Amino acid sequence: MKYLITGGAGFIGTNFIYYMLEKHPENEYVCLDKLTYAGNLANLKKAMEYKNFRFVKGDIGDREFVFSLFEQEKFDIVVNFAAESHVDRSIENPGPFLTTNVLGTQVLLDACRKYGIVRFHQISTDEVYGDLPLDRPELKFKESDPLKPSSPYSASKASADLLVLAYHRTYGLPVTISRCSNNYGPYQFPEKLIPLMIINAMNEKELPVYGAGQNVRDWIYVTDHCEAIELILEKGRVGEVYNIGGNCEKRNIDVVKMIVQKLGKPEELIRYVKDRPGHDLRYAMDISKMREEFGWEPKVGFEEGIEKTIEWYRSNKEWWMEIINGEYMEYYDRMYSKR
Ligand code: NAD
């Protein structure tokens, strides 16, 4: 089988490429990535050593380019990770989120229609469901819940999900969608909560926490997400949506405190900053469909996952040192220093 993996130079895409190269060496893999600020070719250095892996630089929204790639390559399976992925950036400037996440997905779907495909898999998020109250722990998102996104990011992801399902219903395109909760692990861009806190704590810099840090996220270690995608590609029913979650709800402040404690740093580094506008209170996933159809469960516990992640950032200092300068620091100052 020949795979197209879009957005494979980003956090989850990179992890998925390594997971698949190890587990399914019989396939051929092509990664298509625009290399935005979040994409990093250095992530794929080891993948380049595999004969069955190739990298192509390009934009999923560039119709002519995408169509000619599909014509040449004759892909069997497309897994679409490519997206603008950071909520705070979508609040500053929603435009690129609509262009890539909605229109870019449409270009890929059109190419799949024209050139034929065994499966198109869309990587989506729990954020499309909106949020849950903090005081109703029994509530969790189900696949059948209405979409009620809060941010321009989640609205763009919800739009893409609807388009994917419409292409199945209208054109019979063989699609699946997975909606996953918050990922963490190696190669995550330092603007996201866990790597931000690890890097700042290692450097004994302030740890900016939104509001009172009470918002709850359901954390999943990235390889558990990769395994769930693998199962959906192998056994998932076309036209279906699958929720993926870590069964691991944590308040942001507790995540930060755990990182501080594991690194042996003082809690006084924590600074509460002005909350994100429209900040979702709580996400929690009902993963019974994944459990019942595939027997899937997340395997990596939070403490183990955090320790592995800290170890990765400790051992890969040059990776994040390259990132945390220039454009990134301007963004960081806009976000936190003046809040
Ligand atoms: P990321 O920002 O680390 O990576 C995104 C990648 O997409 C980058 O390599 C970037 O260069 C590439 N890209 C952006 N625009 C592109 C375009 N127009 N054409 C081609 N490539 C483009 O994101 P991530 O955290 O790895 O997320 C990957 C996917 O998973 C996204 O679709 C995101 O919505 C979804 N998701 C993420 C999480 C999470 O916790 N990180 C949770 C659920 C779902």
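What counts as what
Residues numbered from 1 in each chain as written. Predicted model: local features only at pLDDT ≥ 70, side-chain atom pairs only at ≥ 80, totals over all residues. Heavy atoms only, no water. UniProt positions renumbered as here; feature names shortened; annotations may be inferred. Helix = DSSP H or I, 4+ residues; strand = E, 2+ residues; numbered from the N terminus. Buried < 20%, exposed > 50% of the residue type's maximum accessible area, 1.4 Å probe, protein only. Contact = heavy atoms within 4.5 Å. Areas by Shrake-Rupley, 256 points an atom, 1.4 Å probe, with all protein chains shown as cover. Lys, Arg positive; Asp, Glu negative; His and termini not counted. Charge placed at Lys NZ, Arg CZ, Asp CG, Glu CD. Near = heavy atom within 4 Å. Polar contact = N/O pair within 3.5 Å; in protein donor to acceptor, adjacent residues only side chain to side chain. Nonpolar A, V, L, I, M, F, W, Y, C, P; charged D, E, K, R; others polar. Salt bridge = Lys/Arg side-chain N within 4 Å of Asp/Glu carboxyl O. Arc of directions from axis to C-beta. Core = buried A, V, L, I, M, F, W, Y, C linked by side-chain atoms within 4.5 Å. Pairing = 2+ DSSP bridges. Axes fitted to C-alpha atoms, helices over the stretch in contact; angles between N-to-C directions.

You'll find the protein chain entered in an unreviewed UniProt entry as dTDP-glucose 4,6-dehydratase, with Fervidobacterium islandicum given as the organism. Database annotation for the protein chain, UniProt heading Sequence similarities (unreviewed entry): "Belongs to the NAD(P)-dependent epimerase/dehydratase family. dTDP-glucose dehydratase subfamily." UniProt lists a comment for the protein chain under the heading Cofactor (unreviewed entry), and it reads "NAD(+)".

Engineer: Which residues make up the overall build of the protein chain, and what are the values?
Structural biologist: Scanning the protein chain for helices and strands turns up 12 helices and 12 strands. For the protein chain, the spread of C-alpha atoms along the three principal axes comes to 55 × 45 × 35 Å. The buried share of the protein chain, taken over its 339 residues, is 58%. Pairs at least 24 apart in sequence give 83% of the contacts found in the protein chain among residues at least 6 apart. Looking at the protein chain as shown, the accessible area adds up to about 14200 Å², and 51% of this sits on carbon and sulfur atoms. Averaging the locations of the 44 positively and 51 negatively charged side chains of the protein chain gives two centres separated by 1 Å.

Engineer: An account of the site of the ligand is needed here, citing residue identities and associated values.
Structural biologist: Around the ligand lies a shell of 28 residues, among which Ile12, Asp33, Ser85, Tyr153 and Lys157 are the nearest. Gly10 has a polar backbone atom sitting 2.9 Å from an oxygen atom of the ligand. Between the ligand and the protein, one listed contact pairs an oxygen atom with a backbone N or O atom of Thr36 at 3.0 Å. Here the ligand has 830 Å² of accessible area as a free molecule, and 97% of this is covered by the chains. Its residues placed into classes, the shell around the ligand shows 12 nonpolar, 12 polar and four charged.

Engineer: Report on the pattern of salt bridges, specifying residues and quantitative values.
Structural biologist: Within the structure shown, the criterion is met by 26 salt bridges. A salt bridge links Glu28 to Lys2; the nearest nitrogen and oxygen atoms lie 3.7 Å apart. Note that Glu28 is positioned in strand 2 (residues 28-33) and Lys2 in strand 1 (residues 2-6), a separation of 26 residues in sequence. Take Glu28: its relative accessible area is 36%, and that puts it in the partly exposed class. On the accessibility criterion, Lys2 (14% relative accessible area) is buried. The partner of Asp161 in a salt bridge is Arg179, and the shortest N-O contact between them spans 2.7 Å. Of the two residues, Asp161 sits in helix 5 (residues 152-171) while Arg179 sits in strand 6 (residues 175-180), which places them 18 residues apart along the sequence. There is no split in this pair, since Asp161 and Arg179 are both buried.

Engineer: Pulling in residues and values, what's your account of helix 12 (residues 327-337)?
Structural biologist: The complete set of buried residues in helix 12 reads Tyr328, Tyr331, Tyr332, Met335 and Tyr336. Down the axis of helix 12, the buried side of the element spans an arc of 100°, and every buried residue falls inside it. Residues of helix 12 that are buried sit in contact with helix 3 (87-92), helix 6 (193-202), strand 8 (207-210), strand 12 (270-273) and helix 11 (317-323).

Engineer: Give a detailed account of the nonpolar core, specifying residues and quantitative values.
Structural biologist: The biggest cluster of nonpolar side chains holds 64 residues, and the ones touching the most others in it are Phe16, Phe53, Val79, Ile194 and Phe302. Of all the elements, helix 1 (residues 11-23) adds the most residues to this core, at eight residues. Those residues in contact with Phe302 that sit more than four places away from it in its chain are Tyr184, Ile194, Trp219, Cys248, Lys250, Val255 and Met258.

Engineer: For the sheet that holds strand 10 (residues 240-244), give the residues involved together with the corresponding values.
Structural biologist: Strand order in the open sheet formed by seven strands is 3-2-1-4-5-6-10, with parallel pairing between adjacent strands. If you trace the sheet from one side to the other, it starts and ends with strand 3 (53-57) and strand 10, each paired once. Strand-to-strand twist of the sheet, defined as the mean angle between neighbouring strand axes without regard to direction, takes the value 20°. Where strand 5 (residues 119-125) and strand 6 come together, six bridges link them in parallel fashion. Residue Thr125 lies in a different strand from strand 6, and its bridge partner there is Cys180. Relative to the sheet, helix 2 (residues 63-73) contacts strand 1, strand 2, strand 3 and strand 4 (77-80), its axis offset from that of strand 3 by approximately 155°.

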